[in-house]
Amino acid sequence: MAGGQVFAGWRPRIKLDKDMERFMGMAIGLAEQALAQGETPVGAVIVRAGEVLGTGYNRVEQDLDPTAHAELVALRAAGYKIGDWRLPRSTVYVTLEPCIMCAAALLHARVERVVFGALDHRWGGLGSLFDLAHDPRINHELQVVSGVMAEQAGRLLTTFFEGLRKGPRSETKACTH
C-alpha cells in the first residue's frame, strides 16, 4: 500500500460467500496478531476442500527474515501438514495482495485460487503492479478474487503505518508486506 493508504472507495465486485467471509475473517485475525507483535499486519489462510491446511502472518521482524511473509509462512505450514510442496485445488485467503515474491511462490506451489483484501500498489504481484497470475510465459495460472473485506484489511494497514509515522523513525523498520 503506497503510503499506508486505505482504498476506502474500492469495493469487491463479487458476491461474498460464507467460505470467503469465514476464511478471510481468519486471515484478518492473523493480521491482527501480526499488528500486536509490531509486524506489518498481513494474515494468510490456505484451504482445500474446506480444510485449513496452513496459516501464517508476517514474521519478517520477528524472524529477521525478509521471506517471512504471511503467504510463505502459510505455504510452509501447509506443505508440512500434507507432506508435499504442491498445493493443487487449494485457495489462499490473504488480507493484502501478494507481493511479487509471494505471487511467484503461490504459482510454484500450484495454488488454484487467491482471494485477497486490500490492493498493494507498491509491491502487488496479482494485478496492481504486476499480474503474474495471468502471465502467458508462466506454465500455471491463478484464479484471483480481489477486494474481499478490503476495508477491514486496509484499516489494519492504515493503523500500522500511522503508528510508524508517529513513532521515532530510528525504531521503525517498515516493509509493506
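So, here is what we can say about the structure in this document. (Residues numbered from 1 in each chain as written. Predicted model: local features only at pLDDT ≥ 70, side-chain atom pairs only at ≥ 80, totals over all residues. Heavy atoms only, no water.)

Over its 19 residues, helix H1 (residues 18–36) runs 27 Å from end to end, which matches the ideal 27 Å to within 8%, given 1.5 Å per residue. By the burial criterion, the buried members of H1 are Met20, Phe23, Met24, Ala27, Ile28, Leu30, Ala31 and Ala34. Taken end-on, H1 shows its buried residues confined to a sector of 160 degrees, consistent with a single buried face. Looking at H1, the residues exposed on the side facing more than 90 degrees away from the buried face are Lys18 and Ala36. Lining the buried residues of H1 we find strand S1 (43–48), strand S2 (51–57), strand S3 (91–96), strand S4 (113–118), strand S5 (143–146) and helix H5 (150–166). Where H1 begins, the capping side chain belongs to Asp17, and its oxygen is found 3.1 Å from the backbone nitrogen of Asp19. A positive backbone phi angle near 80 degrees is found at Gly38, which sits one or two residues after H1. (Helix = DSSP H or I, 4+ residues; strand = E, 2+ residues; numbered from the N terminus. Expected span 1.5 Å × (residues − 1). Buried < 20%, exposed > 50% of the residue type's maximum accessible area, 1.4 Å probe, protein only. Arc of directions from axis to C-beta. Contact = heavy atoms within 4.5 Å. Polar contact = N/O pair within 3.5 Å; in protein donor to acceptor, adjacent residues only side chain to side chain.)

Read across the open sheet, the five strands follow the order S2-S1-S3-S4-S5; overall the sheet is mixed. A strand with exactly one partner marks an edge of an open sheet, and here the two such strands are S2 and S5. Pairs of neighbouring strands in the sheet enclose a mean axial angle of 15 degrees, with direction left out of account. Sheet contacts for helix H3 (residues 70–82): S1, S2 and S3; angle to S2, the most-contacted strand, approximately 145 degrees. (Pairing = 2+ DSSP bridges. Axes fitted to C-alpha atoms, helices over the stretch in contact; angles between N-to-C directions.)

Relative to the 24 Å expected for 17 residues at 1.5 Å per residue, H5 spans 24 Å between its end C-alpha atoms, a close match to the ideal helical length. Buried within H5 we find Ala150, Ala153, Gly154, Leu156, Leu157, Thr158, Phe160, Phe161 and Leu164. For H5, the secondary structure elements touched by its buried residues are H1, S3 and S4.

The interhelical angle for the contact between H3 and helix H4 (residues 100–108), taken along N-to-C directions, is 25 degrees, at an axis separation of 9 Å. Classed by the angle they form, the pair H3 and H4 counts as roughly parallel. The two elements H3 and H4 cross, and the hand of that crossing is left-handed. Residues Glu71, Leu72 and Leu75 of H3 form the contact with H4, whose participating residues are Met101, Cys102, Ala105 and Leu106. A class-by-class count of the residues in the contact of H3 with H4 yields six nonpolar, no polar and one charged. (Parallel < 35°, antiparallel > 145°, perpendicular 65-115°, else oblique. Left-handed = near helix turned anticlockwise from the far one by under 90°. Nonpolar A, V, L, I, M, F, W, Y, C, P; charged D, E, K, R; others polar.)

The subject of this paragraph is the pattern of salt bridges. Evaluated as defined, the whole model comprises four salt bridges. Here Lys81 makes a salt bridge to Glu51, at a shortest N to O gap of 3.3 Å. Placement of the pair is Lys81 in helix H3 and Glu51 in strand S2, with a sequence separation of 30 residues. Residue classification places Glu51 among the partly exposed positions, given a relative accessible area of 41%. A salt bridge links Arg86 to Asp84, with the nearest nitrogen and oxygen atoms 3.1 Å apart. (Salt bridge = Lys/Arg side-chain N within 4 Å of Asp/Glu carboxyl O.)

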